[in-house]
Amino acid sequence: MTLQRIEMFQGLSNMELAKLLGQLDKRSLPAGSTLFEQGDSGQSMYIIEQGEVALYAVAESGSRQLLAVLYAGDALGEMALLTDERRSASAVAQSDTMLFEINRKTFDRLIAEHPLISAYFIRLLSRRLVNTNQRLQASKETETQWVRQELEQMEDKHREFLLWCMHVQAADDKLVAHTFGFGLEAELASFPKLAQWLSVSAAVDGRLRRVTVLPAMAEQLRKLELSGAGAEHAAQRVADAAGYYESSGDYAAAAELYADHKNWEALLNMAGAALQGGAEAGADAIVRTNGKAGSTASALATQAGPQQAAICQQLHRCPQHHLTARFDLVEYYIDYCRKHDPASGLTLIEFVLNEQAAACSRQQLLAVYEWGAELSRCLNRRQQAYEYMQLAEAAALSLSEPVGGKADEERAFQLAKQKVAGRRHQYLAENAGRLVKRRSLTAICAIMLALLCLVLPYVLEPTAGLSREAMIFIGIALAAVIMWIINIVPDYIVALGMVMLWVLSGTVDAQTALSGFASTTWLFMIFIMAISAVIMKSGILYRFSLNALKRFPPTYRGQLWGVVVGGIVMNPLIPSSSAKVSLGVPVAQTLSESMGLAEKSRGAAGLGLAAMIFYGFTAPFVLTGSYTNVMAYGLVSQHSPITWLQWFFYALPAFAIFCTMLLLVLTRMFRNAAPAKTVSPEVLHEQLRLLGPLTREERLSLFAVVGSIGLMMLQPLHGIDSTWIMLLGFSVLVVSGVLDRKTIASGIDWTFLLFLGVAFSFAGAVRELGIAEVLSTFLNEYMAPFASSPALFLLAVIVLSFVVTLVIRDDPAVILLVTALLPLAEGAGIHPWIVVFVILLATDPFFFAYQSPTYLTAYYSTEGKAFNHRQGQRIGLWYAFAVLLLTMLCIPYWQWLDLL
């Protein structure tokens with residue numbers, strides 16, 4: 001039996017099933033063998049893949065009574081995990097049986113990560129509870145006989161009245177008088193014995209608002225009614241009472257009555273008529289008051305008063321799958337939740353997205369995302385609100401696109417869920433990576449210091465041969481650096497602010513200030529980001545990772561090599577270190593779980609850190625390994641162009657040294673990792689089978705990426721610039737429909753491109769204002785002892801980069817270091833590529849967790865389960881040593897290539 005046919009896993013996507021399969025263990029059970037005994041402690045549950053298992057109850061005498069026989073697809077042993085109680089029965093294989101085993105840790109994770117699996121166990125427990133109640137019911141026959149005798153002694157009208165009260169639990173004296181023709185208070189006074197059966201609420205506005213049968217009596221009455229063929233009258237009693245309430249305009253009481261009897265269809269129909277009727281009346285009132293129509297539930301709620309709130313309160317009791325079937329009522333309910341219970345409203349939103357997204361239209365999904373954002377804001381969950389708004393924007397863009405098949409919509413939804421999870425990990429990494437936390441006092445001090453940097457160039461006299469414009473430019477740059485360090489404003493806003501100040505201050509003209517956006521390198525970045533977005537959207541990376549692991553031995557060391565090779569193969573395909581580690585490290589963690597390795601154990605850390613290094617930190621060795629590579633070399637003068645193949649061969653020996661050293665360190669440091677079991681090749685095969693054959697989207701994406709890289713490798717033969725090669729791949733994807741408007745709008749990091757364009761303009765302005773020459777002269781005074789020797793110079797660059805990243809991280813650090821050191825390097829006869837390459841390697845250290853965005857993304861992609869910071873820091877020290885070593889060892893090779 002396949003996973004798709006097992007009830008527990010129904011509703012999960014193929015990609016989710018493939019990932020889930022890697023977390024399950026398989027166990028073979030010969031016929032006649034015992035799986036567990038009654039009274040054993042339970043640490044696992046089982047799902048039968050094939051075969052039969054019999055469950056027996058064992059008496060104190062040792063005799064066994066057959067309870068049930070379970071077949072393929074059935075689950076057993078789950079109650080021990082749900083209740084922490086010992087096994088309530090013995091399980092024996094009736095035939096040769098194959099089982100999926102789920103241990104407690106995996107069970108807890110599945111419950112937390114998959115709402116559908118949680119819902120399965122809720123249904124299972126509900127069925128068990130029903131069975132238990134049936135057994136309890138059999139023990140109360142004596143009590144039923146007593147109630148029967150008491151009823152037989154009553155008058156017919158009182159007996160009918162009690163049965164009626166049992167169903168109509170929201171009865172008041174007016175309804176009683178309307179139905180039976182007597183006053184409730186007077187009848188209770190005349191026949192005190194009735195009060196023994198009833199609970200009467202306190203008077204409200206002169207009415208006895210609620211009259212109900214006592215719970216113990218109601219249970220027995222219900223049994224007698226069912227046995228006496230009076231059940232057919234129950235629905236009519238409720239319908240008559242609800243009709244009376246509706247005719248008198250008391251919709252809240254009618255709603256409560258329907259909800260008490262779980263007549264959800266009647267409740268929803270009545271609520272729809274009442275709320276929409278109220279909406280029309282409310283709209284008329286709004287027109288009369290304001291002179292214009294209103295259409296939203298929020299506006300109408302103001303006019304509707306407590307009646308609408310009372311109806312929505314009863315909708316709160318309605319099962320989610322019933323309520324969401326009436327999408328016209330969901331808006332009213334969400335508006336009620338926004339004011340009274342945002343958490344319940346958000347739970348309904350998540351139910352729609354997890355269970356019914358494929359059945360929703362695009363307009364409905366857009367509304368759901370917007371409601372999710374609003375409710376998240378009410379709960380002060382800002383990041384979650386941001387994620388819902390991002391999804392809403394993507395849904396709004398999709399409204400203008402042609403509608404695909406249901407399978408395409410389901411696939412798109414699953415990928416959107418992954419994207420939201422990725423944004424969450426990125427958000428955690430960004431928060432952890434802030435050197436200075438956001439506080440009001442810190443922000444005020446930073447802004448004051450930045451303003452001082454802007455003012456001083458106008459006060460101080462130009463110095464060191466700088467012009468007034470150059471002084472102002474440096475002041476603006478220093479203010480931007482302060483804002484980047486403190487990180488209270490997005491990087492791209494700071495960058496655009498720089499452009500504005502350059503032009504307004506007359507430092508450079510608008511053409512120079514925006515020249516970076518006209519460079520071919522900037523266009524190259526757009527095309528490569530678009531192709532990367534298609535690759536991430538297609539899900540092909542997960543497929544490739546599984547294929548890489550399948551081709552290596554199932555032992556720990558074999559799978560470690562599989563992780564390494566998978567990262568190396570992925571490196572040139574995706575120009576984002578963070579995207580690659582957010583894929584590779586979770587795959588490695590899944591492998592760890594399949595091998596029975598504990599979280600953050602030596603074995604789990606070895607696989608997780610190997611994935612982090614070879615998926616993320618190998619990016620500088622290939623031109624297309626990271627956006628930052630292209631950005632950094634884009635700061636170099638156009639007189640020193642470089643091709644994809646040149647970059648590859650220049651970095652090849654360094655890459656070999658890096659891989660050899662880090663592999664030796666990883667295998668040595670985690671040599672004693674002892675997994676409890678090996679990875680089953682059959683599991684990997686089944687995971688790939690679940691993913692199915694390559695889709696059209698995956699084939700075209702692969703063709704575009706491999707074709708583009710191939711043409712860039714052949715650039716010495718055809719002479720076409722890399723930008724136009726990437727444009728060709730971009731065009732193929734657009735024309736084929738794989739790269740659609742939605743992906744271009746949401747899959748490309750346009751804010752980073754804005755930052756990047758300003759960075760390229762920054763380099764051009766530095767050269768135009770003569771700052772590069774002055775900076776080179778200034779640094780030469782301090783770097784002169786190092787400039788005489790390439791080894792000393794590059795050593796100084798590495799150490800300086802390590803120090804700078806203690807304060808400034810990521811792209812701003814790369815821009816500042818490349819801009820400052822390139823003129824000096826050219827004067828020392830060092831090729832710009834070497835300086836850029838060494839800076840790229842040295843600006844992503846992780847001596848401290850906050851230093852490296854790549855490290856933080858890897859850590860949070862598994863929510864800290866793969867490795868701890870202490871283990872990461874040990875590898876961080878070896879990474880820094882590897883950068884120093886490979887730089888020194890490659891100097892002779894670079895001299896041979898005339899790069900030094």
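Here, the structure is the one placed above.
What comes next concerns the included structure. Going along each chain's sequence as written, the residues are numbered from 1 onward. Totals for whole chains, interfaces and linings use all residues, but because this is a predicted model, local features are given only for residues with pLDDT of at least 70 and pairs of side-chain atoms are given and counted only at 80 or more. Side-chain numbers come from the whole structure's heavy atoms, not from hydrogens or water.

Re the sheet that holds strand 2 (residues 34–36)
- Strands are labelled as partners when DSSP assigns at least two bridges between them. Going along the chain from the N terminus, every DSSP run of H or I of four or more residues is numbered as a helix, and every run of E of two or more is numbered as a strand. What the 4 strands build is an open sheet, ordered 2-7-4-5; its pairing is antiparallel. Among the strands making up the open sheet, the edge pair consists of strand 2 and strand 5 (64–70). Going from strand to strand, the sheet's axes swing by 30° on average, the running direction of each strand aside.
- The pairing of strand 4 (residues 53–58) with strand 5 spans 6 bridges and is antiparallel. Considered in strand 5, the bridge of Val53 is made with Leu70. To define axes, lines are fitted to C-alpha atoms, for helices over the stretch in contact only, and angles between the resulting N-to-C directions are given on a 0 to 180 degree scale.

Re the pattern of salt bridges
- When a carboxyl oxygen of Asp or Glu lies within 4 Å of a side-chain nitrogen of Lys or Arg, that pair is called a salt bridge. Applying the stated criterion to the full structure yields 5 salt bridges.
- The partner of Asp335 in a salt bridge is Arg338, and the shortest N-O contact between them spans 2.9 Å. Remark: Arg338 and Asp335 occur in helix 16 (residues 327–340); sequence separation between them is 3 residues, near one turn of the helix.
- In this structure, Glu374 and Arg338 form a salt bridge, with 3.1 Å as the shortest nitrogen-oxygen distance. Of the two residues, Glu374 is situated in helix 18 (residues 362–378) and Arg338 in helix 16; the sequence distance between them amounts to 36 residues.
- By relative accessible area, Glu374 is classed as partly exposed at 28%.
- If you follow the salt bridges from partner to partner, you end up with Asp335, Arg338, Lys339 and Glu374 in one network. When a residue's accessible area, from a 1.4 Å probe over protein chains only, is under 20% of the maximum for its type it is buried; when over 50% it is exposed; and in between it is partly exposed.

Considerations on unusual backbone geometry
- Look at Lys600: it is not a glycine, yet its phi comes out positive at around 65°.
- Position of Lys600 relative to the elements: it lies in the loop between helix 28 (577–594) and helix 29 (602–616).
- Positioned with a positive phi, Asp898 is a non-glycine residue whose angle comes to about 65°.
- For Asp898, the location among the structural elements is in the segment after helix 43 (869–896).

Looking at the pairing of strand 7 (residues 90–93)
- Neither face of strand 7 is left uncovered, since the one carrying Ser90 and Val92 and the one carrying Ala91 and Ala93 both have all their residues buried.
- In terms of strand pairing, strand 2 meets strand 7 through 2 bridges, oriented antiparallel. If you follow Thr34 over to strand 7, its bridge partner there is Val92.
- As paired elements, strand 4 and strand 7 share 4 bridges and run antiparallel to each other. By the bridge assignment for strand 7, Ala54 is matched with Val92.

Considerations on the environment of Ala273
- Here Ala273 is to be found in helix 12 (residues 264–290).
- Along the sequence, Ala273 and Tyr251 sit 22 residues apart, while their C-alpha atoms lie 9.9 Å from each other.

Topic: the side chain of Ser344
- Residue placement: Ser344 occurs in helix 17 (residues 342–355).
- Of note is the side chain of Ser344, whose polar atom sits 2.4 Å from the side chain of Asp341.
- Every residue in contact with Ser344, bar those within four places of it in the chain, is listed here: His316, Tyr333 and Cys337. Two N or O atoms form a polar contact when they lie within 3.5 Å of each other; inside protein one atom must be a possible hydrogen donor and the other a possible acceptor, and for residues adjacent in sequence the pair counts only when both atoms belong to side chains. Every residue pair with non-hydrogen atoms within 4.5 Å of one another is taken to be in contact.

Description of the nonpolar core
- One finds Met8, Phe9, Trp502, Met612, Trp833, Phe837 and Ile875 to be the most contacted residues of the largest nonpolar core, which totals 191 residues.
- Top element by residues in this core is helix 31 (residues 644–669). It accounts for 15 residues.
- The residues touching Phe837, leaving out its near neighbours within four places in the chain, are Pro620, Phe621, Ala651, Ala654, Leu886 and Trp894.
- Working definition of a nonpolar core: buried Ala, Val, Leu, Ile, Met, Phe, Trp, Tyr and Cys residues. They are joined through side-chain atoms within 4.5 Å. Judged by nonpolar contacts, the second largest core, of 72 residues, contains Val168, Leu348, Ala357 and Leu365.

Focus on the pairing of strand 8 (residues 97–103)
- Extensive coverage of strand 8 is indicated by the burial of 5 of its 7 residues.
- Sheet topology note: the strand 1 (residues 25–29)/strand 8 ladder contains 5 bridges and is antiparallel. Its bridge partner lying in strand 8, Lys26 is registered against Phe100.
- With 6 bridges connecting them, strand 3 (residues 44–50) and strand 8 associate as antiparallel partners. Counted as the bridge partner of Met45 is Ile102 from strand 8.

Structural notes on the sheet that holds strand 6 (residues 75–76)
- The sheet built from 4 strands is open, its strands ordered 1-8-3-6 with antiparallel pairing. Unpaired on one side and paired on the other, strand 1 and strand 6 mark the two borders of the sheet.

Observations concerning the packing of aromatic side chains
- Each Phe, Tyr or Trp ring (for Trp, its six-membered ring) is paired with any other whose centre lies within 6.5 Å, and the angle between the two planes then decides the class: stacked below 30 degrees, edge-to-face above 60, tilted in between. According to the stated counting rule, one finds 30 aromatic pairs in the structure shown.
- Only when the NZ atom of a Lys or the CZ atom of an Arg is both within 6 Å of the ring centre and within 35 degrees of the ring normal do we say a charge sits over the ring. The residue whose ring lies beneath Arg64 is Tyr56, and the NZ or CZ to ring-centre distance is 4.1 Å.
- Above the plane of the ring of Phe36 lies Arg87, whose end atom (NZ or CZ) is 4.2 Å from the centre.

A closer look at a nonpolar patch on the surface
- Note on patches: the residues involved have over 30% relative accessible area and no salt bridge, like charges join within 9 Å, and the nonpolar side chains Val, Leu, Ile, Met, Phe, Trp and Tyr join within 5 Å. Areas reported as accessible are Shrake-Rupley estimates using a 1.4 Å probe. Residue values count occlusion only from the protein chains shown. Among the surface-exposed residues, Leu449, Leu452, Val455, Leu456, Tyr458, Val459 and Leu460 lie close enough to one another that they form a single nonpolar patch of about 640 Å² accessible area.
- Inspection of the secondary structure puts Leu460 in the loop between helix 21 (440–459) and helix 22 (468–486).
- Overall, Leu460 belongs to the partly exposed group, its relative accessible area being 43%.

Regarding a positive patch on the surface
- Within this scheme the basic residues Lys and Arg register as positive and the acidic residues Asp and Glu register as negative, but His and the chain ends are omitted. To locate a charge, the coordinates of NZ of Lys, CZ of Arg, CG of Asp or CD of Glu are taken. A contiguous patch of positive charge, built from Arg602, Arg668, Arg671, Arg870 and Arg874, is present on the exposed surface.
- The class for Arg671 is partly exposed, based on a relative accessible area of 45%.

Side note on the packing of helix 1 (residues 14–21) against helix 32 (residues 681–691)
- Taken N-terminus to C-terminus, the directions of helix 1 and helix 32 make an angle of 175°; their axes are 8 Å apart at the nearest point. With respect to their mutual orientation, helix 1 and helix 32 come out roughly antiparallel. Packed against helix 1, whose contacting residues are Asn14, Met15, Leu17, Ala18, Lys19 and Leu21, the element helix 32 presents Val683, Glu686, Gln687, Leu690 and Leu691 at the interface. Should an angle fall under 35 degrees it is taken as roughly parallel, and over 145 as roughly antiparallel, whereas 65 to 115 is taken as roughly perpendicular and any remaining angle as oblique.

What about the environment of Ser545?
- With respect to the helices and strands, Ser545 occurs in helix 26 (residues 540–550).
- The exposure class assigned to Ser545 is buried, which follows from its relative accessible area of 1%.
- Beyond its immediate stretch of four places on either side in the chain, Ser545 contacts Met570, Leu583, Val587 and Tyr615.

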